[in-house]
Structures are given as structure tokens and as C-alpha cells.
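Fold and contact review
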Amino acid sequence: MYQPLADLLRPETLDEVYGQSHILGEGAILRRLVESGHIPNMIFYGPSGTGKTTVASIIAKQTNRTLYTLNATTASTADIKNIVAQLDTFMAPNGVLLYLDEIQSFNKKQQQSLLEHIENGKITLIASTTENPYFYVFNAILSRSTVFEFKQLDAAASRQAIDRAVKFLEERNGVKAEEEPGALSYIAGACGGDVRKALNAIEVLFSASQPKDGVLTLTLADAQMVTQKSAMRADRAGDNFYDLLSALQKSIRGSDPDAAVHYLARLLEAGQMQAACRRLMVIAAEDVGLAYPMIIPIVKSCVDAALMLGMPEARIPLGDAAVLMATSPKSNTGHIALDAALSDVQKGKVGDFPRHLQNVHADTYTQEREQGYKYPHSYPGSWVQQQYLPDELVGTTYYQYGNNKLEQAAKQYWDAIKGGKK
């Protein structure tokens, strides 16, 4: 019976788990918990292929509890009831260890059906999810569990798993593998930190290649073929998509053009051009803003051109937009001022309009003259001192000039006209 390579080489000890030293290294908290034998309810959170199921299996081997495994995408409440029925019987005299994969697929009722039993300790729950548990797991389960985050493996950790797989397949198949320069390193980088994908790719390479005189050549071209776009995790329903958008914006805000084009490239390669366009427009207003107001129509033109062109040509104007914004002066003063005003409005700090700001078209001719509005264009510099905020907000300052050339020039201009007064 066929058994996938990733399953054949599944680690049997914590030392064989790659890339999770922050929780499984010597002295790390999850390792200490496993070694103690006192296993609490836990939620493992992280990308696919990072060792969540493997660690759960290792934990099960080190306990004297019966292990049950369910996948929430196919399991039902009836499956949970069947497990509960085994409690306090000779089938599970010491309770059970339940590994529940993809817990986010369980609805509230299904998750709540576990509460009584994980609370009294008869079921020890180890749940795993690729989604953020603080959004997808109900609070009643979260409050009774400890969350451990599994990180995406870097290329070095992935390469360790790949080298182990190559050695195993050489011994099993009785061949010697020769790597074209860069072939295995390409797989390590392109698998996107997913060890399962990396091992699947190695297995395909060995299966598809024909050895000559006992030597099997692993080519770079084949490596590129079996791993195409595997690193591009940008599912709109998952965290990775929003992490990519966040990383793009924070890189541009941080004035790092290299990181900006890197994350933009990942979005485009994942087929998320429209999402990238929308985010670039947000960045133009939110992060460059008043330091370079023309950035908004410029980026809008780049986005329009990209949408008209489509990929792959769309990358050209979008790349220009990302680099231009990353290297532009930055200001968030405009939207910060509005956010502060919105906060006051939401708190009910509104007040009546000053009489001289009300709509004159609702007044009689006599009332219009009594309104007292001063028309700024009739005064030097098109400015005259008068109250604009409601009475209860007089003296409130929402906008602060940013420390950039354009806003400082505007400040000097108005300071000169207003004589230093607001």
C-alpha cells in the first residue's frame, strides 16, 4: 500500500521537528510541557506543513491516554458523542486525548459539545488550525486552552528536511542522487515553509527521473516545475493574505522600497492584483498624504493603467507606484486629524453651528445681514479671524502640521498671515 514520503518520514521525537525551536527547543515551554507528561488543552496555530499534527502525535505517544483523531471538516457532533461514550470504560480508563484538526470548521454548537469534558479533564483537547484562533475558535474553548503558534519554516530548516528525504530515498531505491546546482535550494525556498510540500516535490523528482548507471540527476528545471507557485499562500479567506497586505503597507510606510516591491511581487504572483491596487491607493492617502498630495492622482493613474493592461504588464506601473511611495516623504496628519474629530463626534461632542456659519438661503434678507458672517476673500490674504467650531469645541486642535517640507511651508505661510494665531 502506498504511503506518502511525508508520512514515512514523520518525526517521532521533538528533536526531529524542524523550524519550531521557539516552542520546542531546549528549555522552550511546549517542550517542557510534553516532557512533564502533564498535557493541558492546547490549540496549535500556524500554516500547513509546519508540524502541528506531528507534535500532537508525539504527545499522544508519551501519554497513557487513548488517542482519537478527528478532522473538523468531515467530523460531526455524532463523532464527538461516540468518543464521549468511551469515557470511563475499559476503552479509555484514563480519559482520552482528542486531536481535532481544522477546528475552525466546527460551528459553535459542535465546539461547545466538548466543553464539559475538557473542563473536567476526561478529554484533553489538542486542536489545530491554519486560521487565527482568536477569530475562529469560540471564547469558551479559548479560555480553557493554551495557544501555541507554529511558524512558517525558513529555507534553511526546509533544506534540512529535504536532505533527510533525499538520503532516505537514495537508500530505499539503491541510487545515488546528483543535484544540479541550486535544484534542492530552489525547492527549499519555493515550498513556502511547508515541509509536506517540499517532501512531496522530492518524491515526485525521484519518481519521475530515470537513473543512469545508478545515478539519478535532480535538475533545476524539474524542481521549478514541481514547486511552481507553491510558496504563494495568499488565500483571501486566511491570515496570510492580510499579512501580505499589511507587510506591503508597513514596508512603504517605513520607506523601504526593496521590501515594498518584494511583498507587491508576492501579491501579484498569487493573483491578487486588484487587492494590491486597492492597498496602494490606501497607502497613498494614509501614509504619504499631505507630504506629497499629488501622490494620490499619480498612484490612481498607475492603478488605472494596471487594471487596463492586466498582468504581466500591470506590474510595471504598480512597481513604479510602490517605489515612488516608499521613497516619498511621509505624513499621516490629514487622517489623524479626521480620526480625532470622528472620535469627538462619536462621543457626542458636536454642539450647534455658530450662527454666522448657517445656511443663508433659509434666512430673510434682514436675518442674513444680522448673521455676521465675514467673507474671507474680502480680507487681506483671504483670511479673517472668526469662530468656526461649535462653542463647546472652541480651542480644540485636531490638525498638527507634519514635519515635512510641504506642510511646514504651509505652516509658515499661514503663520505669516494669521500673525501666529490660529
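Here the structure is shown first, and the text comes after it.
Quantities reported herein were computed from a predicted structural model and do not represent experimental measurements. (Residues numbered from 1 in each chain as written. Predicted model: local features only at pLDDT ≥ 70, side-chain atom pairs only at ≥ 80, totals over all residues. Heavy atoms only, no water.)

1. Re the sheet that holds strand β4 (residues 123-129)
Where we set the bar: One bridge is not enough; two strands pair if DSSP finds at least two bridges between them. Here a helix means four or more residues in a row that DSSP labels H or I, a strand means two or more in a row labelled E, and each is numbered from the N terminus. As a rule, the C-alpha atoms of each element are fitted with a line to give its axis, helices using only the stretch in contact, and angles between N-to-C directions run from 0 to 180 degrees. It only takes one pair of heavy atoms within 4.5 Å for two residues to be counted as in contact.
Reading across the sheet, the 5 strands line up as β2-β3-β4-β1-β5 and stay open at both edges, with parallel pairing between neighbours. Edge positions in the sheet fall to β2 (66-71) and β5 (146-149), since each has one partner strand and no second. Taken pair by pair, the neighbouring strands of this sheet meet at an average axis angle of 20°, ignoring direction. Inspection of the sheet shows strand β1 (residues 42-45) paired to β4 by 4 bridges, in the parallel sense. Residue pairing in the sheet places Ile43 in a bridge with Ala127 of β4. The strands that helix α5 (residues 77-84) touches are β2, β3 (96-101) and β4; relative to β2, the one it contacts most, it runs at about 175°.

2. Overview of the pattern of salt bridges
The line we're drawing: By definition here, a salt bridge exists when the distance from a side-chain nitrogen of Lys or Arg to a carboxyl oxygen of Asp or Glu is within 4 Å. Under the scheme applied here, a residue whose accessible area is under 20% of the maximum for its type counts as buried, over 50% as exposed, and between as partly exposed, the area being computed with a 1.4 Å probe on protein chains only.
In the structure shown here, the tally under the stated rule is 13 salt bridges. Between Glu286 and Arg253 there is a salt bridge; the shortest N-O distance is 3.4 Å. A residue pair is termed long-range when its members are at least 10 positions apart, and Glu286 in helix α16 (residues 273-288) and Arg253 in helix α14 (residues 239-253) qualify at 33 residues. Among the residues examined, Glu286 registers a relative accessible area of 25% and is labelled partly exposed. Note that Arg253 is salt-bridged to Asp287, the shortest N-O span being 2.7 Å. With Arg253 in helix α14 and Asp287 in helix α16, this residue pair connects regions lying 34 residues apart in the sequence. One salt-bridge network, held together by shared partners, links Asp15, Glu26, Arg31 and Glu35.

3. Observations regarding a nonpolar patch on the surface
We count it as follows: Think of a patch as exposed residues, more than 30% relative accessible area, with no salt bridge, where like charges cluster within 9 Å and nonpolar side chains (Val, Leu, Ile, Met, Phe, Trp, Tyr) cluster within 5 Å. Exposure was quantified through the Shrake-Rupley algorithm and a 1.4 Å probe, taking into account, for residues, occlusion by the shown protein chains and nothing else.
A surface patch of nonpolar side chains, about 400 Å² in accessible area, is lined by Leu357, Tyr373, Tyr375 and Tyr388. With respect to the element layout, Tyr373 can be found in the loop between α20 (365-370) and α21 (405-418).

4. Some details on unusual backbone geometry
The step from Met311 to Pro312 runs through a cis peptide bond, and the omega angle for that step is 10°. In this fold, Pro312 is placed in the loop between α17 (295-309) and α18 (315-326). In this model, Asp213 sits at a positive phi of 55°, which is unusual for a non-glycine residue. If you trace the backbone, Asp213 turns up in the loop between α12 (195-208) and β7 (215-218).

5. Remarks on helix α15 (residues 257-269)
To keep things clear, this is the line we draw: Expected span of a helix: the number of residues minus one, times 1.5 Å. N or O atoms closer than or at 3.5 Å make up a polar contact, with two conditions inside protein: a donor-capable atom paired with an acceptor-capable one, and, for residues adjacent in sequence, both atoms drawn from side chains.
The end-to-end C-alpha distance of α15 is 18 Å, a good match for the 18 Å that 13 residues give at a rise of 1.5 Å each. Taken as a whole, α15 has its buried residues at Ala259, Ala260, Leu264, Leu267 and Leu268. Capping the start of α15 is the job of one residue whose side-chain oxygen sits 3.1 Å from the backbone nitrogen of Asp258: Asp256. Immediately beyond the C-terminal end of α15, within one or two residues, lies Gly271, with a positive phi of roughly 80°.

6. Focus on the packing of aromatic side chains
Inclusion rule: A pair of Phe, Tyr and Trp rings is counted when the ring centres sit within 6.5 Å of each other, with Trp represented by its six-membered ring. The angle between the planes then sorts it: under 30 degrees is stacked, over 60 is edge-to-face, the rest tilted.
Counted by the stated rule, this structure contains 4 aromatic pairs. With a centroid separation of 6.4 Å and an interplanar angle of 70°, the aromatic rings of Phe44 and Phe148 are classed as edge-to-face. Here Phe44, found in strand β1, pairs with Phe148, found in strand β5; they are 104 residues apart in sequence, far enough to count as distant. An angle of 85° between the planes, with centres 5.0 Å apart, marks the rings of Tyr413 and Trp414 as edge-to-face. Looking at Tyr413, the relative accessible area reads 46%, which means it is partly exposed. Residue Trp414 is classed as partly exposed on the basis of its relative accessible area, which comes to 26%.

Function-wise, these values are silent; they only describe arrangement.
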